[in-house]
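Listed below, chain by chain, are the residues.
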Amino acid sequence: MHDLRALRADPAAFDAALARRGLEPAAAALLALDEQRRAALQALQEQQARRKTLSRDIGQAKKAGADTAALEAEAIALRDGIAGLEARAAALETEIGEGLARLPNRLDPSVPDGPDETANVTLKQVGAPRAFPFTPRQHFELGEALGMMDFPTAAKLSGARFTVLRGALARLERALGQFMLDVHTGEFGYSETGVPLLVNDAAMYGTDKLPKFAEESFRTEDGRWLIPTAEVPLTASVAGEILDARRLPLRMTALSACFRSEAGSAGRDVRGMLRQHQFSKVELVSVTLPEESDAEHERMTLCAETILERLDIPYRRQLLCAGDTGFGAAKTYDLEAWLPGQGAWREISSCSNTRDFQARRMNARYRGAEGPVFVHTLNGSGLAVGRTLIAVMETYQQEDGSIAVPEALRQYMGGLARIAAQG
């Protein structure tokens, strides 16, 4: 959500920020509505003051035995007028709020201009793609050959974009999630949190998922939403709160199932488990003081990178351009892992600083020296578990179709060093 006062102060800068995202100007229309709302409120105050005066005059006239019919008629007319002005002011406030809610966050000045992912900037690369003495296979080819990745059964149960994992691959996915949680909680100070998988409209709105992304989420018949990521319940847990500044930053993490409709993705990544309706992810969320959020963004991204480094998976950090930065983010780093089977870099984590954009939507503040101040919120994947499973399978595949288990995961796999077909 945007600060209406900032829009009033510099409408040109507001429109310039929208233009960076390829959007049309919106300041003039919003300010016109704001002027109408303020005029309605001014008229309302004047009529409320007149009603107060009339009430006194009627009382005095009655005491004096004077005729009060004209005064009482005016009072009735004022009552109706006041009700109309209250309704108009409320309707205009709702219209302004809805207009602001549809507009994306302002981009950080360091975000490069550009229309789409082709303008993203590679900031660093860690590790080099492995040279295979054979043609590497994609994860679904490996998983199906092992008899541990079952797409037909998943389709029978649920339809397209679901996967059934079996045996050692199912355990490997569980091991990855446990490993990530242990690193983030034990080394980086994130507090492990179990979260609901169903949330209400307020939680989705506060974390900028509504109304923009309603089509990309699943909704239950009773009006709740399956979470698209644990970012939603973790961040919304501070909604409406005034936090003690001494408690900040709050750092929370959760391993959860996530659900996305993948609206608009027809024909993309239809083979395998790269783009699913249901997947597991370890989410990282930070709630910080405004002056600390940039440093927290760097820290969070390094935490996510540590997982890839411990697994010895080549990756690169991308600074997303204006056209590729998400709706609620002021600045985003994507981490992309190298997938040998695809011969391509694919996103495995996205770490974003939303500044006070979400905090304004959900009224999350801390006690400042001069009163409550909006916090800054950040979120990132630490990592997407399913995509990390894909990266491990393709990176550690052997010529015979088996998969070596990374050293960092063997303690979670009962010492298993290699996953091979059984029988």
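Structure first, text after, so check above.
Source: prediction; values computed, not measured. Counting restarts for each chain: residues are numbered from 1 in the order of the written sequence. Totals for whole chains, interfaces and linings use every residue, but because this is a predicted model, local features are given only for residues with pLDDT of at least 70 and side-chain atom pairs only at 80 or more, for both listing and counting. Only hydrogens and water are set aside; all other atoms, that is, all heavy atoms of the structure, feed into the side-chain values.

### Some remarks on the packing of helix H3 (residues 27–63) against helix H4 (residues 69–101)
Moving on, step 1. Put simply, H3 and H4 touch, their axes get as near as 8 Å, and they point 155 degrees apart. Overall, the two elements H3 and H4 adopt an arrangement that is roughly antiparallel. Two packed elements cross with a definite hand, and for H3 against H4 that hand is left-handed.
Moving on, step 2. Asp, Glu, Lys and Arg are counted as charged, while Ala, Val, Leu, Ile, Met, Phe, Trp, Tyr, Cys and Pro are counted as nonpolar; the rest, among them Gly, fall into the polar class. Residues belonging to the contact of H3 with H4 are distributed by class as follows: 18 nonpolar, five polar and 12 charged. Note on geometry: axes are C-alpha line fits, over the in-contact stretch for helices, and angles between N-to-C directions span 0 to 180 degrees. Numbering goes from the N terminus for both helices and strands, where a helix is a DSSP run of H or I of at least four residues and a strand is a run of E of at least two. When describing relative orientation, an angle under 35 degrees is termed roughly parallel and one over 145 degrees roughly antiparallel, while 65 to 115 degrees is termed roughly perpendicular and anything else oblique. Less than a right angle of anticlockwise turn of the near helix away from the far helix marks a crossing as left-handed, whereas a clockwise turn marks it as right-handed.

### Things to note about empty space enclosed by the protein
Moving on, step 1. Put plainly, a pocket is an open set of points on a 1 Å grid over the protein atoms alone with protein on both sides within 12 Å along at least five of seven lines, a cavity is a set where a 1.4 Å probe fits but cannot get out, and a lining residue has an atom within 4 Å of a point. Grid points are joined across faces, edges and corners, and a volume is the space filled by probe spheres set on the points. Applying the stated criterion to the full structure yields two cavities of 30 Å³ or more.
Moving on, step 2. For the largest cavity, the calculated volume is near 40 Å³.
Moving on, step 3. Lining the largest cavity, in full, are Leu-274, Ala-337, Leu-339, Arg-346, Glu-347, Ile-348, Arg-387, Ile-390 and Ala-391.
Moving on, step 4. Those elements giving two or more residues to the lining of the largest cavity turn out to be strand S11 (331–339), strand S12 (344–353) and helix H12 (385–395).
Moving on, step 5. Partitioned by chemical class, the residues of the lining of the largest cavity number six nonpolar, no polar and three charged.
Moving on, step 6. Its boundaries defined by the atoms lining it, the second largest cavity holds a volume of some 30 Å³.
Moving on, step 7. Lining the second largest cavity we find His-2, Phe-14, Ala-17, Leu-18, Arg-21, Pro-104, Asn-105 and Arg-106.
Moving on, step 8. Looking at side-chain class alone, the lining of the second largest cavity contains four nonpolar, two polar and two charged residues.

### Side note on the sheet that holds strand S4 (residues 191–192)
Moving on, step 1. Strands are labelled as partners when DSSP assigns at least two bridges between them. Read across the open sheet, the eight strands follow the order S1-S10-S11-S12-S15-S9-S8-S4; overall the sheet is mixed. Both edges of this open sheet fall to strand S1 (121–126) and S4, since each of them pairs with a single strand only.
Moving on, step 2. Pairing of S11 with S12 involves nine bridges; the strand directions are antiparallel. In the sheet register, Lys-331 faces S12, and the bridge partner there is Asn-353.

### Some words on the pattern of salt bridges
Moving on, step 1. By definition here, a salt bridge exists when the distance from a side-chain nitrogen of Lys or Arg to a carboxyl oxygen of Asp or Glu is within 4 Å. According to the stated counting rule, one finds 31 salt bridges in the structure shown.
Moving on, step 2. Here Asp-3 and Arg-360 are joined by a salt bridge, their closest N and O atoms 3.5 Å apart. Of this pair, Asp-3 sits in the segment before helix H1 (4–9) while Arg-360 sits in helix H11 (residues 357–362); the two residues are 357 residues apart in sequence, bridging distant segments of the chain.
Moving on, step 3. A 1.4 Å probe rolled over the protein chains alone gives each residue an accessible area, and that area as a share of the maximum for its type sets the label: buried under 20%, exposed over 50%, partly exposed in between. Since its relative accessible area comes to 22%, Arg-360 is described here as partly exposed.
Moving on, step 4. A salt bridge links Glu-305 to Arg-317; the shortest N-O distance between them is 2.8 Å.

### As for the packing of helix H5 (residues 139–146) against H12
Moving on, step 1. In contact at an axis separation of 9 Å, H5 and H12 are set at 80 degrees when each is read in the N-to-C sense. Relative to H12, H5 is oriented roughly perpendicular. In contact with His-139, Leu-142 and Gly-143 of H5, H12 contributes Ile-390, Met-393 and Glu-394.
Moving on, step 2. Split into classes, the residues belonging to the contact of H5 with H12 amount to three nonpolar, two polar and one charged. Contacts between residues were defined by any pair of non-hydrogen atoms, one from each residue, lying within 4.5 Å.

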